[in-house]
Amino acid sequence: MALDWKLVIDASDPHAQADFWSEALGYEREDHSALIARLREYGQLPPDSTVQAHGRDAWLDYAAVRHPDDPFDSTNGVGLGRRLLFQRVPEAKTVKNRLHLDLHPGAERRAAEVARLAALGATVLAEQDQPAGRWTTMADPEGNEFCVQ
């Protein structure tokens, strides 16, 4: 039996990371405001556990993005398919990722995609021209590496 999953990424600023990756991937930011309102109504939510993001209540320490074509639970806003969850951690990134995303716009669109991602706040780290192919290694605004092929 196949399992559902989400990729969880440590972040200093989960909301900024969610903004970057939603634009980078064309994903939608998850809206958890209905769940937050319900928990607040039942008195189960500490007042300092939320912030305002994009004009609605959001978790202080978590933000997620999901593929726009995948299903989601409308009662809590949680995606039920391809999604990235950013969680606040106190320490900054210090070493190379052990896991990273590869984006595949295609050879004819790679340069334009690298430029678009750089305009969103990514940094070009290296251009690779290997027997296995060509790609650009980049870092998101918090320094997490990813590749554009």
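Nothing here was measured: the structure is a model prediction, and the numbers come from that model.

This brings us to the packing of aromatic side chains. Taken as a whole and judged by the stated rule, the model has 3 aromatic pairs. Centroid distance Phe20 to Trp21: 5.1 Å. Interplanar angle 90°. Geometry classified as edge-to-face. Residue classification places Phe20 among the buried residues on the basis of a relative accessible area of 4%. In textbook terms, an aromatic cluster arises when at least three aromatic residues are bridged by ring pairs, as seen for Phe20, Trp21 and Phe146.

To continue, consider unusual backbone geometry. In this structure, His54 takes a positive phi of about 55° despite not being glycine. Relative to the assigned elements, His54 resides in the loop between β3 (50-53) and β4 (56-59).

Time to look at the environment of Lys93. As for its placement among the helices and strands, Lys93 is situated in the loop between β6 (83-88) and β7 (102-103). Accessibility expressed as a relative area gives 33% for Lys93, which makes it partly exposed. Placed 25 residues apart in sequence, Lys93 and Pro68 show a C-alpha to C-alpha distance of 29 Å. Among all residues touching Lys93, those that are not within four sequence positions of it are Glu142, Gly143, Asn144 and Glu145. Of the polar contacts made by the side chain of Lys93, one reaches the backbone oxygen of Gly143; its length is 3.5 Å. Among the polar contacts listed, one links the side chain of Lys93 to the side chain of Glu145, at a separation of 3.4 Å.

The predicted coordinates of low-pLDDT regions are not to be read in fine detail. Averaged over every residue, the pLDDT of the protein chain is 93; the share at 70 or more is 99%. Within the protein chain, the element-level pLDDT minimum falls on helix α2 (residues 33-41), averaging 93, and the maximum on helix α1 (residues 14-25), averaging 98.

One can find Leu7 in strand β1 (residues 7-11). In this structure the C-alpha to C-alpha distance between Leu7 and Leu99, which are 92 residues apart in sequence, comes to 9.8 Å. Contact partners of Leu7, with chain neighbours within four places excluded, come to Arg83, Leu84, Leu85, Leu99 and Leu101.

To continue, consider the side chain of Thr136. Within the secondary structure, Thr136 sits in strand β9 (residues 133-139). With residues near it in sequence (within four places) discarded, Thr136 still touches Arg110, Val114, Val124, Ala126, Glu127, Phe146, Cys147 and Val148.

Below, the discussion takes up the nonpolar core. Considering soluble globular proteins, one finds that nonpolar side chains tend to be buried as a cluster. Grouped together as the largest cluster of nonpolar side chains are 19 residues, with contacts concentrated most on Trp21, Phe86, Leu117 and Phe146. Contributing elements (two or more residues each) for this core: β1, α1, β5 (62-66), β6, α3 (110-120) and β10 (145-148). In terms of residue count, the dominant contributor to this core is α1 (4 residues). When neighbours within four sequence positions are excluded, Trp21 is seen to be in contact with Gly26, Leu84, Phe86, Leu101, Leu103, Asp140 and Phe146.

What counts and what doesn't
Residues numbered from 1 in each chain as written. Predicted model: local features only at pLDDT ≥ 70, side-chain atom pairs only at ≥ 80, totals over all residues. Heavy atoms only, no water. Phe/Tyr/Trp six-rings, centres within 6.5 Å; stacked < 30°, edge-to-face > 60°. Buried < 20%, exposed > 50% of the residue type's maximum accessible area, 1.4 Å probe, protein only. Helix = DSSP H or I, 4+ residues; strand = E, 2+ residues; numbered from the N terminus. Contact = heavy atoms within 4.5 Å. Polar contact = N/O pair within 3.5 Å; in protein donor to acceptor, adjacent residues only side chain to side chain. pLDDT = per-residue confidence, 0-100. Core = buried A, V, L, I, M, F, W, Y, C linked by side-chain atoms within 4.5 Å.

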